[in-house]
Amino acid sequence: MPTSPTLLSEHFTLEEAIISQEAERFGIDNRNPDPRIITTASRTAVKMEKVRSVLGDKGIHVNSWIRCLALNRALKSKDDSQHVKGEAVDFICPAFGTPAEVCKKLVAEKTLVGFDQLILEHTWVHISWNSVPNAIQRGQVLSLLQDGEYAKGLTDKTGKSLA
């Protein structure tokens, strides 16, 4: 008999926070995060509820959220990635629009969403929050460029502003 999903918030589950096609591809077990990371992911889920609301309560598809260190390394990400802490979510919201449209809306609602970092990755959106108590959220907005570097603000892959 299947078990019920573990809710992190009204619309987000632990199962979607830990599932990873990349982990499966690399043969890495990403299913048993530290309970402290689950606590952080629950706080992140509450913030993702604000994102969902800003996007008109459209369904959000999570691509990557909690990553064990082995998965994070396999993806060639830094060991201090906010994904390892449960603070970052890579997602799409096709019912709202393209990743660029999602980012534009989130930048327009920056005060409400209060993110630490928002990155237009062009095929998805990366958003994160610093979970340290009383941490100042930087409100940093970046875009991935075609050479793998990042530009400040919302840009296309060549660095041309999307504003």
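Please refer to the structure higher up on the page.
No experiment lies behind these values; they were computed from the predicted model shown.

S.K.: Can you help me understand the state of the cysteines in this one?
M.R.: Among covalent bonds in proteins, the disulfide is the one between the sulfur atoms of two cysteines. Following the criterion strictly, the structure yields zero disulfides and no others. You can see Cys93 has no disulfide; the closest cysteine sulfur is in Cys103, sitting 12 Å from it.

S.K.: Looking at this structure, I do not really get the packing of aromatic side chains. What am I missing?
M.R.: Two measures describe an aromatic ring pair: the distance that separates the ring centres and the angle between the ring planes. Applying the stated rule across the entire model yields one aromatic pair. Plain terms: the ring middles of Phe12 and Trp65 are 5.9 Å apart, the flat faces sit at 75 degrees to each other, and that makes the pair edge-to-face. Here Trp65 lies in the loop between strand 1 (61–64) and helix 4 (69–74) and Phe12 lies in the segment before helix 1 (14–18), a separation of 53 residues in the sequence. Here the two residues Phe12 and Trp65 agree in accessibility, since each one is buried. Above the face of the Phe26 ring, Arg25 is positioned so that its terminal group lies 4.4 Å from the ring centre.

S.K.: What exactly am I supposed to notice about the side chain of His122 here?
M.R.: Among the secondary structure elements, His122 is positioned in the loop between strand 3 (117–120) and strand 4 (125–128). Within the structure, His122 has its side chain in polar contact with the backbone oxygen of Leu144 (distance 2.8 Å). Once you skip the residues sitting within four places of it in the chain, His122 turns out to touch Pro99, Ser143, Leu144, Thr155, Asp156 and Lys157.

S.K.: Just checking my understanding: could you explain helix 3 (residues 35–54) for this structure?
M.R.: Think of an α-helix as 3.6 residues a turn; residues three or four steps apart then line up on the same face. Here helix 3 contains 20 residues, and its C-alpha end-to-end distance of 29 Å stays within 8% of the 28 Å for a straight helix at 1.5 Å per residue. Among all positions in helix 3, only Ile37, Thr40, Ala41, Thr44, Ala45, Met48, Glu49, Val51, Arg52 and Val54 are buried. Along its buried surface, helix 3 packs onto helix 5 (82–85), strand 2 (88–92), helix 6 (99–108), helix 7 (110–113) and strand 4. Gly56 lies just past helix 3 and shows a positive phi near 75 degrees.

Conventions adopted
- Per chain, residue numbering runs from 1 following the sequence as it is written.
- Side-chain atom pairs in this predicted model are given and counted only at pLDDT of 80 or more, local residue features only at pLDDT of at least 70, and totals for whole chains, interfaces and linings cover all residues.
- Side-chain measures here rest on the full set of heavy atoms in the structure, leaving out hydrogens and waters.
- Cysteine sulfurs are considered disulfide-paired once they come within 2.5 Å of each other.
- The rule is short: rings of Phe, Tyr and Trp, with Trp giving its six-membered ring, pair when the centres are within 6.5 Å, and they are stacked under 30 degrees, edge-to-face over 60, tilted in between.
- Segments assigned H or I by DSSP are reported as helices when at least four residues long, segments assigned E as strands when at least two residues long, and all are numbered from the N terminus.
- We call a residue buried when its accessible area falls under 20% of the maximum for its residue type, exposed when it is over 50%, and partly exposed in between, using a 1.4 Å probe and counting protein chains only.
- Working rule: Lys NZ or Arg CZ, within 6 Å of ring centre, within 35 degrees of ring normal, means a charge sits over the ring.
- Counted as a polar contact is a pair of N or O atoms within 3.5 Å, where, for protein atoms, one must be capable of donating a hydrogen and the other of accepting one, and residues adjacent in sequence contribute only when both atoms are in side chains.
- Here, residues are in contact when the closest pair of their heavy atoms is within 4.5 Å.
- Each helix should span, by expectation, one fewer than its residue count multiplied by 1.5 Å.

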